[in-house]
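Spelled out, the chains give:
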Amino acid sequence: MTESTFTAAAERHLDMVYRVALNWFRNGADAEDAAQMAMLKLWQADADFADEEHLRRWLVRVTLNVCRDMSRSPWRRRTVPLEELPEPAFSDEERRAVYREVMALPGKYRVPLYLYYYEGYSVAEIGELLRLNASTVQTRLARARGRLKLGLTEG
Amino acid sequence: MNDLYRETFGEIHASEALRQEVLSMTKQEKAAAKRQIPRMLLIAAIVVLVLAGTALAAAAPGIRQWFSQQWTQETGRPIHTDQLGLIDQLSDEVGVSVESGGVTVTVDSVTRGEDVIWFLLRYDGLPPEEELEKRLNALERPQPNEESTRKVFTINGTEVIMGEAVDLWEEELNSPRNYRLGKATISFAPAIVDPDFYAWSLEQDSVRADGSMMALLEYTPKLVGEATLQDALDVTLELPELQWGTSSVRQVPVAEGPWTLTFSLPAIEPSESLTTGGGAAWGTPPHDTTGLGYWDSSTMGPPPAEEMAFRDIQVTPTGFTVFWTDPEQTTRLYTSGFWYLRMEDSTELRADPNGWIYCDLPGSQRVSRFIWPVPVDLGQAKSLEYRYRDEVRTFDLQ
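Caption draft 1: A look at the overall build of chain B. Across its full length, chain B holds ten helices and 24 strands. For chain B, restricting intrachain contacts to residue pairs at least 6 apart in sequence, the fraction spanning at least 24 positions comes to 66%. On chain B, roughly 19100 Å² of surface is accessible, and the fraction owed to carbon and sulfur atoms is 51%.

Here it is, written out as structure tokens:
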């Protein structure tokens, strides 16, 4: 990968990588570490990407792997009380409330929710990315929807 | 409302500092960039090197192996990676050791639900079992006392011998030998449990060639207040004298102890829970005239059963709580039957039938608590099944 293609990829996808990690950890500091590690793997990778979608999916998969590895590290303090976590700045209270509600969900629901509703991946694709059966992803999405007052709908 | 979700996360961006750090990766050769390991991971790597060879670093897979074997025994299937991930999530490495009488006890790791805690213990320096067997065989048979209570009952076609330990000497001659831990004392700071109200059990692995043995201590206390065992805690675990044998009358001391182990645990993310909504299970009265607490089906016929309504069941990765509708019933009935967690792939996990306890929650709410034999990822849990005789009741999980 050349410097220019890496820079272009970072400009386009760093926010996504960070958001995936933030949904995994809820914690901005851990999410930044994970995002940095994922982008480092991209810079070091000797990979040719067929197209933009190939690159985006590769980055999601690598980010999830990095998050998974970091979560298993016994040296990571895994939990910070929700009320003590610094929050991103939002333009209005309604969005802040949505963020808080989503972050109060268990981690296993937050990531599929983000990949489905924000990144637009299908249930089958999320199953592949998270190494889960499609039925498990479907169940998690349904339960996440059931717990949110947000009133998310399918598709 | 899907738009509101997208708008919310559309406002979240990587910080400028992170953006600059990432873009500057290209200013070095790729080989040099490899050294740009995030600070946290670098610290972790150094800690690994410092701890290499210690119990803390070596014991990491212990609880995974233990629960994996348990899962296969309980369900007949290999454990899924999702389940292992959940076990990781609920477990903390400890690695604290204390030596007494030549035997070293190490708390390998701790696994926690809201109201149950498992300690994976490792005993090193145990004497060979042949030596213990010689000492056991050298014991003299005690004299039966005049008030012998030996009685024989038939329960569901099985002969059960009851009595004081001294009455059971003959029956125990060929009984399986195991280590006998005695009553452990466990305390927490802050004080979040009622010290007088708890259940506990100990399962042990066979002794390895190197004289070590693993044991899993399960402790189910009654919580006081709003705190749970998943909060940050300081723990003191005091293990009494270790014995080996078949019962309190046929056992020999192994090491005097006590082993007092203290350590701190961080808070872990609270477990998710699912619910069933209302329903009913069967309750039967205890039969107290023999002191057995069971009905002798061979001579008495089936016990009278009465339906006990519940308003909800809350299921967590480590067990479930039944919220009974009529507290009066719980003063005179035992719940009967078995409870199973059914997974999407038809795997079944049975709750420990002996694990239930009645207790009161704030507001005079009477509940029963059951513990799963292995922590379970509820992502693939489909329903809770209640089975009593030939009857099956299914409660979908929401």
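Caption draft 2: Here's a closer look at helix H1 (residues 3-25) of chain A. The axis of H1 of chain A is deflected most strongly, by about 55°, at His-13 of chain A. At the exit of H1 of chain A stands Arg-26 of chain A, carrying a positive phi of roughly 70°.

Caption draft 3: Seen up close, the pattern of salt bridges. This structure, assessed with the given rule, holds 34 salt bridges over all chains. Across the salt bridge formed by Arg-95 of chain A and Asp-92 of chain A, the nearest N and O atoms sit 3.8 Å from each other. Here Arg-95 of chain A falls in the buried class, since its relative accessible area comes to 18%. For Glu-385 of chain B, the salt bridge is made with Arg-342 of chain B, and the minimal N-O distance between the two is 3.6 Å.

Caption draft 4: Spotlight on the interface of chain B and chain A. Contacts between the two partners involve 55 residues from chain B, matched on the other side by 62 residues from chain A. With both chains or domains summed, chain B and chain A bury close to 5400 Å², and 58% of this area falls on carbon and sulfur atoms. Remark: the boundary between chain B and chain A carries ten salt bridges. Of the charged contacts, one joins Arg-19 of chain B and Glu-11 of chain A as a salt bridge, the two residues approaching to 3.8 Å between their closest N and O atoms. Here chain B is connected to chain A by 20 residue pairs in polar contact (both at pLDDT 80 or more). Sorting the residues of the side of chain B that touches chain A by element identifies helix H1 (2-10), helix H2 (16-23), helix H3 (30-33), helix H4 (39-51), helix H7 (81-90) and strand S1 (91-100) of chain B as the ones contributing at least two each. No other element matches the eight residues that H1 of chain B contributes to the side of chain B that touches chain A. Grouping the amino acids of the side of chain B that touches chain A by side-chain chemistry returns 26 nonpolar, 13 polar and 16 charged.

Caption draft 5: Structural context of the nonpolar core. Within the largest apolar cluster, 104 residues are counted, with the highest numbers of intra-cluster contacts made by Met-39 and Leu-113 of chain A together with Phe-320, Trp-339, Leu-341 and Leu-384 of chain B. Of the residues forming this core, the biggest block, eleven residues, is contributed by H1 of chain A. When residues no more than four places from it in sequence are discounted, the contact partners of Leu-384 of chain B are Thr-276, Ile-313, Val-315, Phe-320, Trp-339, Tyr-340, Leu-341, Trp-372, Arg-393, Thr-394, Phe-395 and Leu-397 of chain B. Counting residues in hydrophobic clusters, the runner-up holds 38 residues, among them Val-94, Leu-126, Tyr-179 and Leu-181 of chain B.

Caption draft 6: Layout of unusual backbone geometry. In this chain, Ala-189 of chain B is followed by Pro-190 of chain B through a cis amide linkage whose omega measures 0°. Looking at the element boundaries, Pro-190 of chain B is found in the loop between strand S7 (185-189) and strand S8 (193-204). Residue Gly-257 of chain B is joined to Pro-258 of chain B through a cis peptide bond whose omega torsion reads -5°. Along the chain, the position of Pro-258 of chain B falls in the loop between strand S12 (251-255) and strand S13 (259-265). Of note in this structure, Arg-26 of chain A is not a glycine but carries a positive phi near 70°. Structurally, Arg-26 of chain A is set in the loop between H1 and helix H2 (28-44). A positive phi angle is found at Arg-131 of chain A, which is not glycine, with a value near 60°. Considering the arrangement of structural elements, one finds Arg-131 of chain A in the loop between helix H6 (123-130) and helix H7 (134-147). When its relative accessible area of 52% is taken as the criterion, Arg-131 of chain A is described as exposed.

Caption draft 7: Representation of the environment of Pro-190 of chain B within the structure. Residues and elements named next belong to chain B. In this structure Pro-190 comes out as partly exposed when scored by relative accessible area, which is 49%. Pro-190 sits 45 residues away from Val-235 along the chain, and the two C-alpha atoms are 9.2 Å apart. With residues near it in sequence (within four places) discarded, Pro-190 still touches Ala-232 and Leu-233.

Caption draft 8: Looking closely at the environment of Arg-77 of chain B. Residue and element names in this part refer to chain B. In this structure, Arg-77 sits in the loop between helix H6 (62-75) and H7. Here the alpha-carbon distance between Arg-77 and Glu-348, two residues 271 residues apart in the chain, equals 9.6 Å. Apart from the residues within four sequence positions on either side, Arg-77 is in contact with Trp-71, Thr-72, Asp-345, Ser-346 and Thr-347. Looking at Arg-77, its side chain comes within polar contact range of the side chain of Thr-347, at 3.2 Å.

Caption draft 9: Spatial organisation of the packing of H6 of chain A against H7 of chain A. All names here are of chain A. Closest axis-to-axis distance for the H6/H7 pair is 8 Å, and the angle between their directions is 105°. Regarding the angle of H6 to H7, the classification is roughly perpendicular. Contact residues: Val-123, Ile-126 and Gly-127 in H6; Ala-134, Val-137, Gln-138 and Leu-141 in H7. Split into classes, the residues belonging to the contact of H6 with H7 amount to five nonpolar, two polar and no charged.

Caption draft 10: Expanded view of the sheet that holds strand S24 (residues 391-396) of chain B. Residue and element names in this part refer to chain B. Spatial strand order, S20-S19-S23-S24: four strands in an open sheet with antiparallel pairing. A single partner strand is all that each edge strand has here, and the edge strands are strand S20 (348-350) and S24. Neighbour-to-neighbour, the strand axes of the sheet open up by a mean angle of 25°, direction not taken into account. With six bridges connecting them, strand S23 (residues 381-388) and S24 associate as antiparallel partners. Bridge pairing in S24 links Tyr-388 to Glu-391.

Calculation criteria
- Residues numbered from 1 in each chain as written.
- Chains lettered and ligands numbered in written order.
- Predicted model: local features only at pLDDT ≥ 70, side-chain atom pairs only at ≥ 80, totals over all residues.
- Heavy atoms only, no water.
- Helix = DSSP H or I, 4+ residues; strand = E, 2+ residues; numbered from the N terminus.
- Contact = heavy atoms within 4.5 Å.
- Areas by Shrake-Rupley, 256 points an atom, 1.4 Å probe, with all protein chains shown as cover.
- Bend = angle between axes of the 7 residues up to and from the residue.
- Salt bridge = Lys/Arg side-chain N within 4 Å of Asp/Glu carboxyl O.
- Buried < 20%, exposed > 50% of the residue type's maximum accessible area, 1.4 Å probe, protein only.
- Buried area = accessible area lost by both parts, 1.4 Å probe.
- Polar contact = N/O pair within 3.5 Å; in protein donor to acceptor, adjacent residues only side chain to side chain.
- Nonpolar A, V, L, I, M, F, W, Y, C, P; charged D, E, K, R; others polar.
- Core = buried A, V, L, I, M, F, W, Y, C linked by side-chain atoms within 4.5 Å.
- Axes fitted to C-alpha atoms, helices over the stretch in contact; angles between N-to-C directions.
- Parallel < 35°, antiparallel > 145°, perpendicular 65-115°, else oblique.
- Pairing = 2+ DSSP bridges.

The quantities given are spatial measurements derived from coordinates; they are silent on function.
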